[in-house]
Amino acid sequence: MLGIGEPVPYGCSSRMMAEECKLKIPTTVNDLTSQWFEDALGLKRGDLLQVSARGSEGEAGLVSLICFVELELKSGVDAPSKLVVKLAPTHPETLAMATDFRLFAREVQFYQDVAPLLTMKTPQTYYSACDSKSGIGVIVLEDCSDLHVIDQYLDQPTTLEELMQIVDSTAK
C-alpha cells in the first residue's frame, strides 16, 4: 500500500526517490522505446512489437511535454494500445518552475494516492515516477482523447444533457 488509497499496478511510489526506481525516467519522446514500455507495463520482452509516439514540444502554455503513444502488441497480450505520457518540460524556465513548485511530485502523488479515492473517473495510471531533485518525471496514463470533451470556449452552449452529466458526476 502506498499510503492512502490503492497501490498502482506499475511504477514507483511518489515517496520513492528516482534512484530507487528501476527505470530511467525518459526526458524526450525518443526515450519512449519498446524496452522502456515493456519494463514500465510489466510486459515480457517481445510482447511489444512497435511504439509510435508524437509529442507536444513547441506548444505554448504546457507545463509538461505531452506524448500520445500507440503500442502495437503481440497477439493476446493484455495491455493498453493507446497511452498518454507526460514528461518534464524541455524549456529551461518551465522546467525550473515545475521543479520549484514540485509539479511532477504532486501529480504523481495525486494519481497514486488521491485518484483511487474519487468517485469521479480519472485516467488509469499505468506508471509514474519523479525525481524531486532534477524536477523530471514521467506519468503514463490511459488515453482518453476519444471521449467527448466540453469546450467552454466554443460558441455553442452546453446542452441540458451535458449539464446533467456534469452535475451527476460532481454530486457523487
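Everything here concerns the structure above.
Model, not experiment: these values are computed from the prediction.

Caption draft 1: Inspection of the side chain of Asp-47 at higher detail. Secondary-structure assignment places Asp-47 in the loop between helix H1 (34–40) and strand E1 (48–55). Although buried, Asp-47 forms no salt bridge, and the nearest oppositely charged side chain, Lys-74, lies 4.6 Å from it. When sequence neighbours within four positions are dropped, the list of residues in contact with Asp-47 reads Glu-38, Glu-72, Leu-73, Lys-74 and Val-77.

Caption draft 2: The arrangement of the pattern of salt bridges in detail. In the structure shown here, the tally under the stated rule is four salt bridges. A salt bridge links Asp-39 to Arg-45, with the nearest nitrogen and oxygen atoms 3.0 Å apart. Here Glu-107 ties to Lys-86 by a salt bridge, and the two come within 2.7 Å at their closest N and O atoms. Here Glu-107 is found in helix H3 (residues 103–114), whereas its partner Lys-86 is found in strand E3 (residues 82–87), with 21 residues between them in sequence.

Caption draft 3: Representation of empty space enclosed by the protein within the structure. Per the counting criterion, the structure on display carries one cavity of 30 Å³ or more. Each pocket or cavity is described by its volume, and for the largest cavity that value is around 60 Å³. As for the largest cavity, its lining consists of Ala-98, Thr-99, Arg-102, Leu-103, Phe-104, Ala-105, Cys-130, Asp-131, Ser-132, Gly-135 and Ile-136. Secondary-structure elements contributing two or more residues to the lining of the largest cavity are helix H2 (92–100) and H3. Element by element, the count of residues in the lining of the largest cavity is highest for H3, at three residues. Residue classes in the lining of the largest cavity are distributed as six nonpolar, three polar and two charged.

Caption draft 4: Expanded view of the packing of aromatic side chains. Taken as a whole and judged by the stated rule, the model has three aromatic pairs. Consider the rings of Trp-36 and Tyr-127, whose centres lie 5.5 Å apart with planes at 85°: the pair is edge-to-face. Highlighted residues: Trp-36 in helix H1 and Tyr-127 in strand E4 (residues 125–130), separated in sequence by 91 residues. Here Trp-36 and Tyr-127 have matching classes, each one buried. Through successive ring pairs, a cluster of aromatic residues spans Trp-36, Phe-37 and Tyr-127.

Caption draft 5: Representation of the nonpolar core within the structure. Ranked by size, the top nonpolar core spans 36 residues in total, and within it Trp-36, Phe-37, Val-69, Leu-71, Val-85, Val-138 and Val-140 carry the most contacts. The set of elements that each furnish at least two residues to this core consists of H1, E1, strand E2 (65–73), E3, H3, E4 and strand E5 (137–142). Per element, the largest residue contribution to this core is five residues, and it comes from E2. Ignoring any residue separated from it by four or fewer positions in sequence, one finds Val-69 in contact with Leu-32, Phe-37, Val-51, Ser-52, Ala-53, Ser-81, Lys-82, Leu-83 and Val-85.

Definitions and cut-offs
Residues numbered from 1 in each chain as written. Predicted model: local features only at pLDDT ≥ 70, side-chain atom pairs only at ≥ 80, totals over all residues. Heavy atoms only, no water. Helix = DSSP H or I, 4+ residues; strand = E, 2+ residues; numbered from the N terminus. Buried < 20%, exposed > 50% of the residue type's maximum accessible area, 1.4 Å probe, protein only. Lys, Arg positive; Asp, Glu negative; His and termini not counted. Salt bridge = Lys/Arg side-chain N within 4 Å of Asp/Glu carboxyl O. Contact = heavy atoms within 4.5 Å. 1 Å grid on protein atoms, 1.4 Å probe; cavity = no way out; pocket = protein on both sides within 12 Å on 5 of 7 lines; lining within 4 Å. Points joined across faces, edges and corners; volume = space filled by probe spheres on them. Nonpolar A, V, L, I, M, F, W, Y, C, P; charged D, E, K, R; others polar. Phe/Tyr/Trp six-rings, centres within 6.5 Å; stacked < 30°, edge-to-face > 60°. Core = buried A, V, L, I, M, F, W, Y, C linked by side-chain atoms within 4.5 Å.

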